[in-house]
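# Observations on the three-dimensional arrangement
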Amino acid sequence: MEEQEIYERLNEVFRDVFDDDELEVEEGTTADDIDDWDSLSHITLISAVEDEFGIRFKMGEVSSMKNVGEMVEIIKARA
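The structure displayed is predicted, hence computed values, not measured ones.

What follows concerns helix α4 (residues 68–78). If you check which residues of α4 are buried, you get Val68, Gly69, Met71, Val72, Ile74 and Ile75. Among the structural elements, α1 (3–18), α2 (39–53) and α3 (59–64) are those in contact with the buried residues of α4. With a side-chain oxygen positioned 3.0 Å from the backbone nitrogen of Gly69, the residue opening α4 is Asn67.

Okay, structure coming up:
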């Protein structure tokens, strides 16, 4: 799967989870960059990303992800 396609699909997931049609994520996007990204929305986001890409993140991956770019790398390796 191409990285561009992953980002396009992730943008849709993020827009849905955070209810913001203008939201655009990029490699360096972190929870600090999105106002409503708290611990509860993080769980919702991870679940939505897993469903979108048909993967399951390991607990260590979820806790160690520092930005969207790291999420994309994991998705690329699994999808």
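Moving on, we come to the packing of aromatic side chains. Following the criterion strictly, the structure yields three aromatic pairs and no others. Arranged with centres 5.5 Å apart and planes meeting at 75°, the rings of Phe14 and Trp37 form a pair that is edge-to-face. Here the residue Phe14 occupies a position in helix α1, and Trp37 occupies one in the loop between α1 and α2, the gap between them amounting to 23 residues. By the burial criterion, Phe14 is buried, and Trp37 matches it.

Looking now at the side chain of Asn11. Topologically, Asn11 is positioned in helix α1. With residues up to four places along the chain from it excluded, the contact list for Asn11 reads Leu23, Glu24 and Val25.

Mapped onto the elements of the fold, Glu61 is located in helix α3. Other than its neighbours up to four places away in sequence, Glu61 contacts Ile74 and Arg78.

Thresholds applied
- Residues numbered from 1 in each chain as written.
- Predicted model: local features only at pLDDT ≥ 70, side-chain atom pairs only at ≥ 80, totals over all residues.
- Heavy atoms only, no water.
- Buried < 20%, exposed > 50% of the residue type's maximum accessible area, 1.4 Å probe, protein only.
- Helix = DSSP H or I, 4+ residues; strand = E, 2+ residues; numbered from the N terminus.
- Contact = heavy atoms within 4.5 Å.
- Polar contact = N/O pair within 3.5 Å; in protein donor to acceptor, adjacent residues only side chain to side chain.
- Phe/Tyr/Trp six-rings, centres within 6.5 Å; stacked < 30°, edge-to-face > 60°.

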